[in-house]
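Chain and residue survey
Here is what each chain is made of, one letter per residue.
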Amino acid sequence: MKKKILTLILSLSMTTVLLAGCGGSGDDTVQDQAVGDTSGSSADNSSGAPAKASSDGDQITLRFAWWGGDERAEATLAVIDQFEKLHPNITIEAEYGGSDGYHDKLATSLASGTAADIVQVDPEVFPTYVASGDYFLDYAELGVDMGNFDEAYISLEINGRYDGKQLGLPSGISGAGLLVNKTLADQIGLDFTQPYEWKDLLEMGKKVKEYDPELYLLSMNKEYIANLIVFNYAKQLAGGTLIDADAKQIRITQDQLEEVYAYVKALFDEGVIPPASYQASYSGDDLQNDTNWIEGKYVATFTYISTMDVMTAANADVEYYAGQIPKLGSASEAGWASNTPQVFAITKTSEHPNEAAEFMDYFFNNETAMETLGTTRSVPPTEKARQICSDAGLLTEWTMEGANIAAAMGGTPNDKISSTNEAKEILFDAVESIGYGAKDPATAAEETLKLLSGLVE
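Because the structure is predicted, anything quoted here is derived from the model rather than measured.

1. Quick look at the overall build of the protein
Within the protein, the secondary structure is distributed over 19 helices and 14 strands. In the protein, buried positions account for 53% of the 457 residues. Put simply, 78% of the contacts in the protein that link residues at least 6 apart link residues at least 24 apart. Surface exposure of the protein reaches about 18800 Å², of which carbon and sulfur atoms provide 47%.

2. Description of the packing of helix α16 (residues 383–391) against helix α17 (residues 397–409)
Between α16 and α17, whose axes approach to 10 Å, the crossing angle comes to 175°. Considering their axes alone, α16 and α17 lie roughly antiparallel with respect to each other. Residues E383, R386, Q387 and S390 of α16 form the contact with α17, whose own contacting residues are E397, M400, A403, N404 and A407. Of the residues contributing to the contact of α16 with α17, the split by class is 3 nonpolar, 3 polar and 3 charged.

3. Structural notes on the packing of aromatic side chains
Per the counting criterion, the structure on display carries 29 aromatic pairs. Ring centres 5.3 Å apart and planes at 65° place the aromatic pair F149 and F364 in the edge-to-face group. You can see F149 sitting in the loop between α5 (139–142) and α6 (151–154) and its partner F364 sitting in helix α14 (residues 353–365), a full 215 residues away along the chain. Grouping residues by exposure puts F149 and F364 together as buried. Between W198 and W336 the ring centres are 5.9 Å apart and the planes differ by 15°, which places this aromatic pair in the stacked class. Taken as a pair, W198 in helix α8 (residues 198–211) and W336 in the loop between β12 (320–323) and β13 (338–339) lie far apart in primary sequence, 138 residues in all. The exposure classification of W198 matches that of W336, with both residues buried. An aromatic cluster of three or more residues is present, and its members are F64, W66, F83, Y96, F149, F344, F359, Y362, F363 and F364.

4. Digging into the pattern of salt bridges
Summed over the entire model, instances satisfying the criterion amount to 12 salt bridges. We note a salt bridge from K297 to E295, for which the minimum N-O separation is 3.5 Å. Since its relative accessible area comes to 52%, E295 is described here as exposed.

5. Some words on empty space enclosed by the protein
In this structure the tally under the stated criterion is 1 cavity of 30 Å³ or more. Each pocket or cavity is described by its volume, and for the largest cavity that value is around 150 Å³. Forming the walls of the largest cavity are 14 residues, and the residues nearest its centre are S171, F363, L373, P380 and P381. Contributing elements (two or more residues each) for the lining of the largest cavity: α14 and α15 (367–373). Here the residues of the lining of the largest cavity are counted per class, giving 8 nonpolar, 5 polar and 1 charged.

6. Some details on the sheet that holds strand β2 (residues 90–97)
Pairing within the open sheet is mixed, and its 5 strands lie in the order β2-β1-β3-β14-β6. Across the chains shown, the open sheet's two edge strands, defined by having one partner strand only, are β2 and β6 (169–170). As paired strands, β6 and strand β14 (residues 343–346) are joined by 2 bridges and run antiparallel to one another. Note on β14: the bridge partner recorded for P170 is V343.

7. Overview of the environment of E397
For E397, the position within the fold is in helix α17. Exposure remark for E397: the relative accessible area of 40% places this residue in the partly exposed category.

8. A short note on the environment of E258
Counting through the fold element by element, E258 comes out in helix α10 (residues 254–269). The partly exposed category is assigned to E258, whose relative accessible area is 29%. Sequence separation of E258 and A442 is 184 residues, and the distance between their C-alpha atoms is 5.3 Å. Other than its neighbours up to four places away in sequence, E258 contacts P441, A442 and A445.

9. Observations regarding the pairing of strand β1 (residues 60–67)
Among the 8 residues of β1, 7 are classified as buried, and the element is accordingly described as predominantly covered. The sheet contact formed by β1 and β2 spans 8 bridges and is parallel. Paired with W66 across the two strands is Y96, which belongs to β2. Handedness of the crossover is the feature at issue here: the chain leaves β1, passes through helix α2 (residues 70–86), returns alongside β2, and the resulting connection is right-handed. As paired elements, β1 and strand β3 (residues 118–121) share 2 bridges and run parallel to each other. From the neighbouring strand, A65 faces β3, where its bridge partner is V119.

Definitions and limits used
- Residues numbered from 1 in each chain as written.
- Predicted model: local features only at pLDDT ≥ 70, side-chain atom pairs only at ≥ 80, totals over all residues.
- Heavy atoms only, no water.
- Helix = DSSP H or I, 4+ residues; strand = E, 2+ residues; numbered from the N terminus.
- Buried < 20%, exposed > 50% of the residue type's maximum accessible area, 1.4 Å probe, protein only.
- Contact = heavy atoms within 4.5 Å.
- Areas by Shrake-Rupley, 256 points an atom, 1.4 Å probe, with all protein chains shown as cover.
- Axes fitted to C-alpha atoms, helices over the stretch in contact; angles between N-to-C directions.
- Parallel < 35°, antiparallel > 145°, perpendicular 65-115°, else oblique.
- Nonpolar A, V, L, I, M, F, W, Y, C, P; charged D, E, K, R; others polar.
- Phe/Tyr/Trp six-rings, centres within 6.5 Å; stacked < 30°, edge-to-face > 60°.
- Salt bridge = Lys/Arg side-chain N within 4 Å of Asp/Glu carboxyl O.
- 1 Å grid on protein atoms, 1.4 Å probe; cavity = no way out; pocket = protein on both sides within 12 Å on 5 of 7 lines; lining within 4 Å.
- Points joined across faces, edges and corners; volume = space filled by probe spheres on them.
- Pairing = 2+ DSSP bridges.
- Right-handed = clockwise from strand over helix to strand, strands pointing away.

Shown next, in the form of structure tokens:
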């Protein structure tokens, strides 16, 4: 059975696309270190009883494994050096390198009990480890201060919370947001700083057209409409993800999906967004090159936190801010989800879990460490760290605001079936056909569900 579990872990980790984060640290150019070195096997600390901290006692060594590029390694090594100077009896051995093969080595070392004390893990792979073995300690039981984290953010499974236990802590935050051209919004009299619903965007769009028929409320294309409007509106309406992947059942009904598509049609028909024929020239992640965006003819755009700076750089002549994101008033599901590029976990085989926890407490909560790490693992995971980075000029104000808004939403991430490229292409095609008037919302909804059913079976 253990061999089957290990084989499953290795298979899944090899096929998972690793999230390298943002902030210029996505390259894997560092010389590979020995991740999961099998020398010196540690005793299992599965009792859960914390060992006595030895910050001022015997010399101890911790191993810390992660992947990433030169910038990430330099910052992480600097934080390790800071911590070691404060704790002369603790040595932290860095095991770092590229992403290739990292999770294969980690899977082997976890199964054999030789994993590093602290490990960086892809959040898409982490559930496999949690389901197949009791490998990680609960940060809460170790006494790590998690007060700087937004509870709605770290409580998500993808960010490390499993059955009430905080088995991992997020390294950063990524998610969707609304970037607002404040200069234009103020001229028209639109305010995105207060909560609003999806229907309010239609009214705002009418106000924009009354102000100037040449302007649009939102810069969008079919991919962004599907990923940021269809998915989130649908999750709010259905009370969960489009598909229950575990039960292999489609959760959203045809009537609900038809309502979502009718909303998309209204966005096109009422000129809230540009025509489908115009959007086709700026598909995918090319919205920053839209001449209307560059010329300041959009009030706002749904985008991603990691690309807000790219969008603002395309038109630097106006003032920006991150706006609130819409939610149905009756929705129990927030829809909008944010997740981390990586999680950090303390392994149960660590001989010094309290000292490992002490280092992670420093890593996440010390102001000097926060500034040193900066954005090397994407936008920082806590509001305090984001403010420190903003004050240091490492993070723009709108990116910080966008991350704060996203973290507070606490929506459920998309299910693994509807997140596939096949499923997204189905939604892209449906949005495009509605935009061109080739299909009405009812027909598009019926066909979408039929095609998604083929992926569920």
